[in-house]
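Here are the chains, one letter per residue:
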Amino acid sequence: MTAVEAVRPTSAPATPPRFLKRPKATDGVVGWLTTIDHKKIGILYGVTSFIFFLVGGFEALLIRLQLAQPNGNILTAQVYNQVFTMHGTTMVFLVIMPMSAAFFNYLIPLQIGAGDVAFPRLNAFSYWLYLLGGAFLYSSFLLGGAPNGGWFGYAPNTSITYSPGHNIDFWIFGLLILGIGSTASAANLIVTIINMRAPGMRLLRMPIFTWMALVANFLLLFAMPVITVALFLIMFDRQWGTHFFDPLAGGDPVLWQQLFWLFGHPEVYILVLPAMGIVSEVIPVFSRKPLFGYPVMVFSGVAIGFMGWGVWVHHMFAVGLGPVATSAFSVSTMLIAVPTGVKIFNWLGTMWGGSIRFKTSMHFAMGFVVMFTIGGLSGVTHALVPADRQQTDSYYVVAHFHYVLFGGSILGIFSGIYYWYPKVFGKMLDEKLGKWHFWVTLIGFNVAFGPMHILGLQGMPRRIYTYSASMGWNFWNFVSTIGAFTIAAGTLIFIYNVRKTDRHGAPAPDDPWDARTIEWITPNPTPEYNFIETPQISHQDEFWHLKYAEDDDGRLVKIGESPDFIQRRARPDEHIHMPSPSYWPLVAAFGLPVIGYGQVYRLWGISIVGLIILLSGIYAWGLEPSTEPPDPEYPEEAGGDHAQHELAEPETQLELTPAAETTDG
Amino acid sequence: MALAATACASNAPQDTLKPKGPESRYIDHLFFPVFWIAVVVFFFVASAVLYCAVRFRARPGNENPRQVHGNTKLEVTWTIIPFLLLVGVGTASVIGIFHLYKDPPGQRISFVPASASATGEPAMVGKVLEVHVIGHRWWWEFDYPGLGTMQDQFLSPGEQPGTALVTAGELHIPVGYMVRLDVTSNEPAKSPEGVGPGVIHNFWVPSLAGKIYAIPGHITHLNLEADSKLITDGHPITYSGQCSEFCGLSHANMRFKVVAESPADFAAWVANQQTVQSPMTTADALTSPLAYAGYTLFNGSGGCSTCHTIQGTSAQGQVGPNLTHLQARGVFAGAVLALNNNNLRIWLRDPQAVKPGANMRIRKLSEREITELIAYLDTLK
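The rules behind the values
- Residues numbered from 1 in each chain as written.
- Chains lettered and ligands numbered in written order.
- Predicted model: local features only at pLDDT ≥ 70, side-chain atom pairs only at ≥ 80, totals over all residues.
- Heavy atoms only, no water.
- Disulfide = S-S within 2.5 Å.
- Domains from an automatic or database assignment.
- Contact = heavy atoms within 4.5 Å.
- Buried area = accessible area lost by both parts, 1.4 Å probe.
- Axes fitted to C-alpha atoms, helices over the stretch in contact; angles between N-to-C directions.
- Helix = DSSP H or I, 4+ residues; strand = E, 2+ residues; numbered from the N terminus.
- Left-handed = near helix turned anticlockwise from the far one by under 90°.
- Nonpolar A, V, L, I, M, F, W, Y, C, P; charged D, E, K, R; others polar.
- Salt bridge = Lys/Arg side-chain N within 4 Å of Asp/Glu carboxyl O.
- Polar contact = N/O pair within 3.5 Å; in protein donor to acceptor, adjacent residues only side chain to side chain.
- Expected span 1.5 Å × (residues − 1).
- Buried < 20%, exposed > 50% of the residue type's maximum accessible area, 1.4 Å probe, protein only.
- Arc of directions from axis to C-beta.
- Phe/Tyr/Trp six-rings, centres within 6.5 Å; stacked < 30°, edge-to-face > 60°.
- Lys NZ or Arg CZ within 6 Å of the ring centre and 35° of its normal.

Caption draft 1: Region of the structure containing the state of the cysteines. For the coordinates displayed, the defined rule picks out zero disulfides over all chains. With no disulfide of its own, C307 of chain B lies 8.8 Å from the sulfur of C304 of chain B, the closest cysteine sulfur.

Below is the structure:
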């Protein structure tokens, strides 16, 4: 076994005290709790965020039940204010962001030809912060009441004078915990994309989803600190006697709005860019044509990322900031519609002249295009400031953002779920049920939110727990409620589809959609090690170019069959050495909600315990090597991390290069 | 289309699509063309998607579409055209913004009482009515400077308050005159919620104008005017408004009315508001025993005078709405309830049941006590 002794030394200078053996399981409860595999983490994000989608959806149904009739008494004002606050907070921070993270985590390493993300244990840490942060937020329902100041938490209403309970404290510390996870994840993914691309994958050869993910993660990296600052300031006002937002002592309520929306506007691009990336992958595949204007799609995404920092005051057009400031932001908001609109036309250009297969994934992608257009257009009417003075803070805005966030992000996410399901789970979701899911959801969605445009124009303000019978709003509120329940029915169809597929679904074939990007070069479901050999990239849409060339007329000429390229191991029993699982991300993450409870209740002892847990977790994490030495039980690993594993026959055209090293932190 | 038709045919008191004054009409005239442009763009995109779905459906014979990677000319065109369109809309927006922020020129309206008036009727002089709007949790206060007292923050140094013209829930304005609103938010020092700056509210009467925030520590402005030609039979027209920024438990119950009346009626209203009630005397105990009992209760064990003001009496509370000339109003309790004895009874039994969280935290009143109070309130003409 001399080869084992010749293995590179571990990074730790001496053997640290180990009261827990390094976990090795990759399955079962321990396997999932200690995983650092980006694919498992992606699945964890996806399942958890889907559960929160059901919870947030339930909150929406409660809201719609209360508002279905005038003078409703399903919910009291006290409960309603918690429900609408948690609906917004849940959907933004616990559903759309983590669902995007699910896609980022699972797909980015596979799309760039890497074995994992740059910092796998940090990745796990981010997930556990999400789960624990969400649980912390929801525990408030049992501990005196959930946050009730709106998802936007305007001061001074959220000050201790006007919100004396702990509701807002749970909101503050819950969001801080979630924010740490998001920021860490953003840094992790940016480093991964920049540093770990396969040879030949220049930036402008990256899949468009990875590009949109890169922009979204840069936005996250810079936006999360802004809300962190705002949350610290309101926390200081509430708990430490400061007066940042109190004009009686020299503070200013408008400061909160400026900080919140400076975060809040990039946040909405964080919410929609990943879905745009998904749709930009799906439409070309199901049109059998390349994405129309790939460079423009990249640059418009980057432009949206930059310009998204210059429009935040459009959430404040009725604040009375003066004509010059208001005009500047009206113009900047109009301008950001240009890169956004261009994307719509490029998607149309992709479909035009194509050969369109109407799989469920494509239905959802096309639904995105139309619904997001409606939301984008109502956004343009908002940029017209005098009109916005009527529209802002009314149900017209509620209609607008649900069209872009549900009609946009959620439909895009479902498109991605149907598209990548075979890659993740090795089975195909049922197409017939999928189409029912799509149509019921699309119809329900438009019935729920279309009338809200009318309600807003008829003078119905937002965030009201009831309204009087003489306002003329009865009919459309009732219709909207029917739409909401229809969406719920559509969601049930989806759940049934998942369950049916899980029990009776046939295994998915390789490359079921005749796809374009290299994540499909791995078998379905993706094996633990991702790629056996790092692909060598010479084109954008590399996988497509392995299968097809173009003749002089621009028509496809088949030059390879998918099975030639799918990477299978020559010896299936062979053990491939993987980065090792770890307990420490979970342990360290656990410290944060403990600190949070201590701060909510001003019990310093509890916070100190949480801090000790956090710091011990990080210390142990730091001492633990990123990867354990190869297991002596498996002689084929004798070459250490650089062991060559043979691909199964037939021989592929791929160049053999060593597997990319993960640089774990 | 059906939605648009229904929207036009609606009967909604806060309808933005049926402007009743020049400011809301200005907005409507800007919104409609942009709305229709948006509709056209939507139809273009939706038709293109549908066309692709039908024409380019995968079928035997078209499995090998030409692999078009882009078209620079087309992409430049469909970038420039929307850009130019948006420049146009943006220009309209900027012009509209400067319009919204204009300070209406013209002498501020002042009041000539009947005794000093040439016609022998109370009258107004001036072009622009100035009103101070103050949002509280959860009711709207309206102060008419020059026609009465101003709240502290609006007084210039050395300026003295005049005779009280402070009212709540109902904003009276003369039709055909521009009204300049100075808007803010605060809470009384003796609020049951404790000392605090107040919270952000949003003043919105859609028929007459867009909305404007009411922010503690800031003064914002809104111009509005009610069309005079809508008054056909001499009767005032009442427009509905509501707070539009989440401000706590009873945000939904923070409503108000704008009563737009002829200038003569407005002057008469001001004159009435300026008459000072006298406190009740023991003589009234014989002629109106119920009302007198109510008056005693109001200023005594009922505790009402600790929060409410009734000018001319010893009730000078500065916490809740000013109730002087209460019966001149059509609504109360944040304009949630129509002013009648039945509703007064419901309110006085349990204000929290009508407005959750209301700062009116009173002891339980017996039915008899409520009868007495209502009898007293009925005398506040």
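Here the narrative resumes, following the displayed structure.
Caption draft 2: Examining the domain arrangement of chain A more closely. All names here are of chain A. According to the domain assignment, chain A consists of domain 1 (37-508) and domain 2 (580-625). Taking only C-alpha atoms into account, the centre of domain 1 sits 29 Å from that of domain 2. With 18 residues of domain 1 at the interface, the matching set in domain 2 holds 19 residues. Taking both partners together, domain 1 and domain 2 bury about 1800 Å²; carbon and sulfur atoms supply 75% of that area.

Caption draft 3: Highlighting the packing of helix 3 (residues 38-67) of chain A against helix 13 (residues 395-425) of chain A. Residues and elements named next belong to chain A. Where helix 3 meets helix 13, the axes come as close as 13 Å, and the angle between the chain directions of the two elements is 150°. In the crossing of helix 3 with helix 13, the sense of the turn from one axis to the other is left-handed. Mapping the contact onto sequence places I43, F50, F53, R64 and L67 in helix 3 and Y395, F406, I410, F414, V424 and F425 in helix 13. Here the residues of the contact of helix 3 with helix 13 sort into ten nonpolar, no polar and one charged.

Caption draft 4: Geometry of the interface of chain A and chain B. Taken together, the contact between chain A and chain B spans 105 residues of the former and 95 residues of the latter. Of the roughly 8400 Å² buried where chain A meets chain B, counting both sides, 68% is carbon and sulfur surface. The largest share of the area that chain A buries against chain B comes from Y162, R389 and Q390 of chain A, three residues that together contribute 10% of it. Summed over the shared surface of chain A and chain B, the result is two salt bridges. A salt bridge links R66 of chain B to D553 of chain A, with the shortest nitrogen-to-oxygen separation between them at 3.1 Å. Between chain A and chain B we count 33 residue pairs in polar contact (both at pLDDT 80 or more) in total. Ranked by the residues each element gives to the side of chain A that touches chain B, the list is headed by helix 10 (residues 323-351) of chain A, at 16 residues. The residue inventory of the side of chain A that touches chain B, partitioned by class, reads 58 nonpolar, 34 polar and 13 charged.

Caption draft 5: Seen up close, helix 4 (residues 263-274) of chain B. All names here are of chain B. Under the 1.5 Å per step criterion, the end-to-end length of helix 4 is 16 Å for twelve residues, consistent within 8% with the ideal 16 Å. For helix 4, the complete set of buried residues consists of F266, A267, W269, V270 and Q273. The buried side chains of helix 4 occupy one side of the element, clustering within an arc of 155° when seen end-on. Buried residues along helix 4 sit in contact with strand 1 (110-112), strand 2 (123-125), strand 3 (128-136), strand 5 (166-168), strand 6 (170-174) and strand 12 (255-261).

Caption draft 6: Broad picture of the packing of aromatic side chains. All names here are of chain A. Tallying each qualifying case throughout the model produces 80 aromatic pairs over all chains. When the centroid spacing of 5.7 Å and the interplanar angle of 35° are considered together, the rings of F52 and Y138 count as tilted. Within this pair, whereas F52 is found in helix 3, its partner Y138 is found in helix 5 (residues 120-139), the two being separated by 86 residues in sequence. Across the pair, Y138 and F52 agree in class, each one buried. An angle of 35° between the planes, with centres 5.7 Å apart, marks the rings of Y138 and F141 as tilted. Aromatic rings pair up to connect F50, F53, F364, F414, Y418, F438, W439 and F494 into one cluster. The residue whose ring lies beneath R516 is W544, and the NZ or CZ to ring-centre distance is 4.4 Å. The side chain of K547 reaches across the aromatic face of F543, ending 4.0 Å from its centre.

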